[in-house]
Structures are given as C-alpha cells and as structure tokens.
Amino acid sequence: MSLSNTVTLTQQDNIGFIEVYNAPVNALSQSVRAGILAGIEWANSRADIDAIVIGCKGSTFIAGADIKEFGQPPIAPSLPTVVSAIRNSKKPVTAALHGTVLGGGFELALSCHYRIAMIGTNVGLPEVKLGLIPGAGGTQLLPRYIGLENALSMITSGNMASTDTMPDLVDMQIDEGTSGLKNAEKPEHAPIVNRAAISFAAGTASDPFLPPQHRRVPPSIKDVSFDEWRSKLAMKAKGQFAPQRAIDAIEAATLRPFDEAIKLERRFFLACRDSEQSASMRYAFFAEKQSAAAYKPSTISSNISSISVIGAGTMGIGIAIAFIDAGFNVTLVDTTEEQCSLGLKKIREHYEKMHEKGRISIAEKQQALSLMSSTYDYGKLADIDLVVEAAFEKMSVKKMIFSSLDAVCKPSTIFATNTSYLDINDIASSTTRPELVIGMHFFSPANIMKLVEVVKAKSTSEDAVNAVMNIAKQLRKVPVCVGVGFGFVGNRMYAAYGREANMLLLEGASPEQIDSAMEAWGMAMGPLTVNDMSGIDIAYKARREYPPIYNDPAYFRAADVMVEHGRLGRKTGAGFYRYENGKRLADPTTLTLVAAEAQKLGIEARQISDEDIQKRLVLALVNEGANLLEKGIARNVEDIDAIWLNGYGFPRFRGGPMYYAKSVGTKLIIENISYFHLSENKPWWEPSAYLNKM
C-alpha cells in the first residue's frame, strides 16, 4: 500500500511494516511525515495488526530534516504530531535502525517503543550546530534512555555516538559478522535489519509495553549540576544560546511532568529557530555546501591513489596524516635520510597516541602505518599521482623543488603547493606543466583543521581544479576555490585583521585587551594569541618575499619589532606574550617595545574601548573581503564565509564576516568604514566599491 510518494505499508502476518524511501538519506520531508502518520493511524485501526515496524530502504535510517524545507513555512503534519502518534500508539512500534540516525530521525526512533539496530549504527541530535535544540521530544526522551550526563553531552555538542555503546537504548543488535560504520551504511543492511525488526515485533506483539514518555530518567552515578553545565558551555560555546536552552529543556525533564516539559522544549525550539543566531548558523551550513557544489567529478581525481608530501616539518607531517587517514599511500620527502626518518617517527607516534587513547584499533593503526614511506631521492617519485609541497616559505626554494619534480614525475602528476602567501603563477613558471600546478593551502594542524584553500593560478586547468577539490572532499575537508593574490583570501583578510590589531597596540591597547575583546565577540582565539602560536616570523618573512601592499611605516610595525628582538612567539618563549611552563603570561616588555615604536612614529597612546576594538577588526575583515570580491580573487560571499568559519575560528552564530555585514546592514557598514577612512587617514580604509553591490 502506498501511503505517500516516499512511504509504503505492507502487512506481514500480524505486523504492519512502514517503509520509507526518500533517497539519498531518507530525509524527513512532508511526504515522509505524512506517510508515517497515515501508516500509524491505519495500523491502529486494524484488528488484524498487532504491532508496527518503521524501517527504511537504502543506506541509512532517517538521517534528519529535509534541507529543502529549511526556512520555509511549516507544512502539516509537523514532526511533533507524528512522534506523538508513535508514542501514543495503542500497538507497539519498533524502529529498524542502520546507517546514521540524526536529528528528527533520531527523535522519531526515540519515540518508538522498541529499537533494533545494526552494529555500527550512529545516532545524534546535531541541532545545536544550527543554533537550534531538538524540538520533537529529543531533550525529554534521550535522558530517559542514556541518563542525564550522556544526554547533556550529546545534545549540547551535537556529536554522534554509536548505538553499540547504548545498551539501554537498543533492544536488539544485529551483527552480520563484521562491525563498523562503513559496514552499517551498506544498502543491503536495510533488508537485514528490517526483517530482524519484523521478527522481533512479532515476538513481542502480545507483551505489555511502556510508552517512552512514561520511562523515568535513571539516577546518575554522580550528581549532575545543571549550573556547572551552563558555566562550562558559556565558556566553550561563547555567545551561543542554543546550548543553554538545551540544558534548560533537559533540566525540565527532571522537574516537570512530560506533557509540560515537552511543551517547554517546543517553546525553546521555536525561539531558537526564529533567532538571528540560528539564521546565521543555517546560512553557514549552506555556505559550506555551496563552496564545493559547483565542482564536477574529475577523471583525474578518480585515478589518484599515491601522494607525495615534500617537507617533513610540522605542516608536511600534518598533511601526510590527513592523506593517510583518508586511505591514500603517502611518500614523505625531505632533503636527508635523517629528516625523512624523523618525519616517519613523528607520524608513527601520532598513530601510537591515537591507539593509546582508544580512538583507533590496533588494526586501524597498522593499516595507517602500512600506507606511509619516505625518500630523499626525487627520482623515486616518477609514478606519484599528486605532489603536495610544504617546504620553506621562500620563492627560490619552491621554484627549485617544482623544477626538480617536473624533470622526474610523469606528465599527468598534479603539483600542489601549500604556500600561504607566494605567487603560484611564478611557482608554476618553473615547470613545463603550468596547467597542473595548483595551490592546496592547508591550515595548521593540517590533519585537524577542516579548511583547504584550493588556489587556481592563471594556467591551472579546470580538470585539475575539479580533481583537487574532490580529493580535498575525500580528506573530509571543506575545500574553497580561490584566485592568486597575496595571502589568497583567508590570509589576505587576516592580514587586514592583524594590521588593525597591530595599529591598536601602537595606539595604547594591550595584547590582553585586544584578544579578550575579540574572544568576547565570539572569535575562538584572539589575533595576537594566534600570531604567537603560529609564529610571528612567518608573516614577517612573507611580507618581505612579496611586494609590499602598503608603504606605511606603521604597517605591522608592532609585529616587526617583536621579530627584530627575537620574540617569535611560543617557540621562543616570548612574542606578544611571555610563556613559562606552558602558560601564557602578560609581558611588560611587549608594552615597552611597542610604546617606543609608537613614540618614533608620533602615535599618542589613548584609551580604547572593547567595542572599538571589535568594530575596527571586524570592519577591516569585511572591507578586505569586499576588495577580494571586486578583484575576483574570491568568487562569492559564501566562499569567504566558509573560509573564515573553517580556518580562522570565526563564530558560526554570526554566519561569517560577509554574512555579518549583510545582517548589520551594508549602509551602516559603509558609514563606519568611511568614518575610519576619515579619522585614520590610511589608504587601506578606503571603502570597497563592492560593498555597494552587496
């Protein structure tokens, strides 16, 4: 029986089997909701039906909401209506779980009376990542199955967990002899788990069953302090109120009757949904998807299996690990056998630590180690498919490496450079294959940070761009294609951001005030803390390798004087801050050195408010982003925002610098930038012409 264009119902003896098929992820569209509700109502009306099973075709159970409905007016039936019908069904309902069961799909599963799961099934309530909380019973039901501490952790983080670790949630696990997520996602597991659920339902149809809302929240092993969770999340998720509302809703599960608490949850959900924070975070979700959506499958990328990473330093090792994690064979290259051995040792230590912490199995560790090798002989790279260069940030070094590679690698090998600032057109000129030379700019630590800027030089072919974009996605990165220019998009904007932090130091602000003001605004870390962590000398050297953008004696003078006094950041024990025993400390020497430079430049110290710091740094970002759009180095505002969200710790609840500018109002942004242009009398504050186009 067809219940809708995505849901069918079949009767198997005394079991009504509701099956969803809404490819590719069985999203909870209006059609799915309507079909499931019709099936529940039909089965409850039939005397010859004793129990109900809800399952899915394809590679997963319901994996969340239908993104096509995001931002649209609600269409009946709502998910709360559907899950209420399931909870209150007079006949027991069993969910047949496999793949990834997320968001509303997990709330639906929690509302069932029983759950059968393939080993390796993952579940989660990721709503907080979109500035929301679960709105169909998730905050009320999950604590009843896995306890308060675990439910608080899952819901406020939005992270997934395996049903293998949740014995009180799953009534039966199905093991085909293997385990793991990849196995659970196989399409053939749908009929296996569905058949098992039907058999289970038949065996329990006459048993008394407890509606999930009547379950009690189990007592905690240790006392759970909701106020401690609020304080912890206030620090971890700075400025976000969805995690706080999630805590409030979960606490209500312990204090109020279910019917009252679930109404409160829905009220919190709607308040979050209608907030600017959620609008920003939903925009961020789509911006990241759009950044890679325009790129097609590549015949080149399908043939790439072997990778060489040039440079066994910190960045090269991180890049190598990122490729190994994705299953690629990686050859690490450096100038001496000793450097190569040291690089391999560090990679080996990484996987040893991952195993010791329980994050990978012994088999996974051994598999990773089997994929790595090293050489200092370029002649052994003849058959490599993709080379990623992560050597010293100096043009002469890069060109020498690429020229040497060009002489030994096969004609189809793609050459990618991890340069942060240098002109890739110039690097490409050292080869006979400029169409296969491209930027692949990772962010440190490369195996953790999600962003990769894919830099298209003037001669880079579209097929090479498509190949590298697709390879980056295989690494589970967020790839964004940009053009050539000093710092590309991310670091070029970061230079404008850092420039103003440096100017504010000269004008009397302390490193601690600048960093704390930006962290209070929502940035993951303050600009001067980041600078110390990455090394103040890196951008210093880049500014000397590339023609200067601005010929102004105050331009990055505070950073330059740190380098000139050997204060390079954490690695030397002093930079903008002093470092002792792993702790960051304020350093009066910084203020003394900067004040002396300010005096030479005729800059008088003044009182500066946190609001002025925030406004100035963020407007510098926005104006530089608009300049990059005007020059075509950035394709669109979504690309810029995806870069800043994934590479620089920009707060997701503000959507990204360009989205933030739109939400504030472009007219006001232009007025404020014009004010700085007049008051500071600096060429970089001239308002970008592109702002009027936004």
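This text follows the structure it describes.
Nothing here was measured: the structure is a model prediction, and the numbers come from that model.

About the thresholds
- Residues numbered from 1 in each chain as written.
- Predicted model: local features only at pLDDT ≥ 70, side-chain atom pairs only at ≥ 80, totals over all residues.
- Heavy atoms only, no water.
- Helix = DSSP H or I, 4+ residues; strand = E, 2+ residues; numbered from the N terminus.
- Buried < 20%, exposed > 50% of the residue type's maximum accessible area, 1.4 Å probe, protein only.
- Pairing = 2+ DSSP bridges.
- Axes fitted to C-alpha atoms, helices over the stretch in contact; angles between N-to-C directions.
- Disulfide = S-S within 2.5 Å.
- Contact = heavy atoms within 4.5 Å.
- Phe/Tyr/Trp six-rings, centres within 6.5 Å; stacked < 30°, edge-to-face > 60°.
- Lys NZ or Arg CZ within 6 Å of the ring centre and 35° of its normal.
- 1 Å grid on protein atoms, 1.4 Å probe; cavity = no way out; pocket = protein on both sides within 12 Å on 5 of 7 lines; lining within 4 Å.
- Points joined across faces, edges and corners; volume = space filled by probe spheres on them.
- Nonpolar A, V, L, I, M, F, W, Y, C, P; charged D, E, K, R; others polar.

### So, the environment of Asp13
Here Asp13 lies in the loop between β1 (7-12) and β2 (15-20). The exposure class of Asp13 is exposed, given its relative accessible area of 71%. In this structure the C-alpha to C-alpha distance between Asp13 and Ala249, which are 236 residues apart in sequence, comes to 41 Å.

### Here we look at the sheet that holds β2
One open sheet holds the 6 strands; their spatial order is β1-β2-β3-β4-β6-β9, and the pairing between them is mixed. The strands lining the two open edges of the sheet, one partner per strand, are β1 and β9 (172-174). Strand-to-strand twist of the sheet, defined as the mean angle between neighbouring strand axes without regard to direction, takes the value 20°. Strand direction decides the pairing type here: strand β4 (residues 93-97) and strand β6 (residues 114-118), joined by 4 bridges, are parallel. Within the sheet, the bridge partner assigned to Thr94 lies in β6 and is Tyr114.

### Here's the deal with unusual backbone geometry
Each neighbour pair has its own omega, and for Ala23 with Pro24 the value is 5°, a cis peptide bond. The omega torsion across Ser444 and Pro445 is -5°, close enough to zero to call that bond cis. By secondary structure assignment, the location of Pro445 is in the loop between β15 (437-442) and β16 (451-456). Although it is not a glycine, Asn581 adopts a positive phi angle of roughly 55°. Among the secondary structure elements, Asn581 is positioned in the loop between β18 (578-580) and β19 (583-585). Residue classification places Asn581 among the exposed positions, given a relative accessible area of 81%. Although it is not a glycine, Asn681 sits at a positive phi angle of roughly 55°.

### What about the state of the cysteines?
In this structure the tally under the stated criterion is 0 disulfides. The closest cysteine sulfur to the non-disulfide-bonded Cys56 is located on Cys112, 11 Å from its own sulfur. What makes Cys56 buried here is its relative accessible area of 0%. Cys409 supplies the cysteine sulfur nearest to Cys340, a cysteine that is in no disulfide, at a spacing of 15 Å.

### Things to note about the sheet that holds strand β8 (residues 161-162)
If you trace the 3 strands from one edge of the open sheet to the other, you get β5-β7-β8, paired in mixed fashion. The open sheet is flanked by β5 (100-102) and β8, the only strands paired with a single partner. Here β5 runs beside strand β7 (residues 122-124); their pairing, made up of 3 bridges, is parallel. Across the sheet, residue Leu102 finds its bridge partner in β7, namely Gly124. Seen against the sheet, helix α3 (residues 104-111) touches β5 and β7 and runs at an angle of roughly 90° to β5.

### Focus on the packing of aromatic side chains
The full count for this structure, using the stated rule, is 21 aromatic pairs. These aromatic residues form a ring-pair network of at least three members: Phe443, Tyr494, Tyr497, Trp644 and Tyr648. The ring of Tyr21 has Lys57 lying over it, and the distance from NZ or CZ to the ring centre is 5.7 Å. Here the guanidinium or amino end of Arg654 rests over the ring plane of Trp521, the centre of that ring lying 4.1 Å away.

### Some remarks on empty space enclosed by the protein
Taken as a whole, this structure holds 1 cavity of 30 Å³ or more when the rule is applied. Its boundaries defined by the atoms lining it, the largest cavity holds a volume of some 40 Å³. Around the largest cavity, the lining residues are Arg492, Ala495, Ala496, Arg499, Ile549, Tyr550, Tyr555 and Glu624. A per-element tally of the lining of the largest cavity places helix α18 (residues 490-506) first, with 4 residues. Within the lining of the largest cavity, the residues separate by chemical class into 5 nonpolar, no polar and 3 charged.

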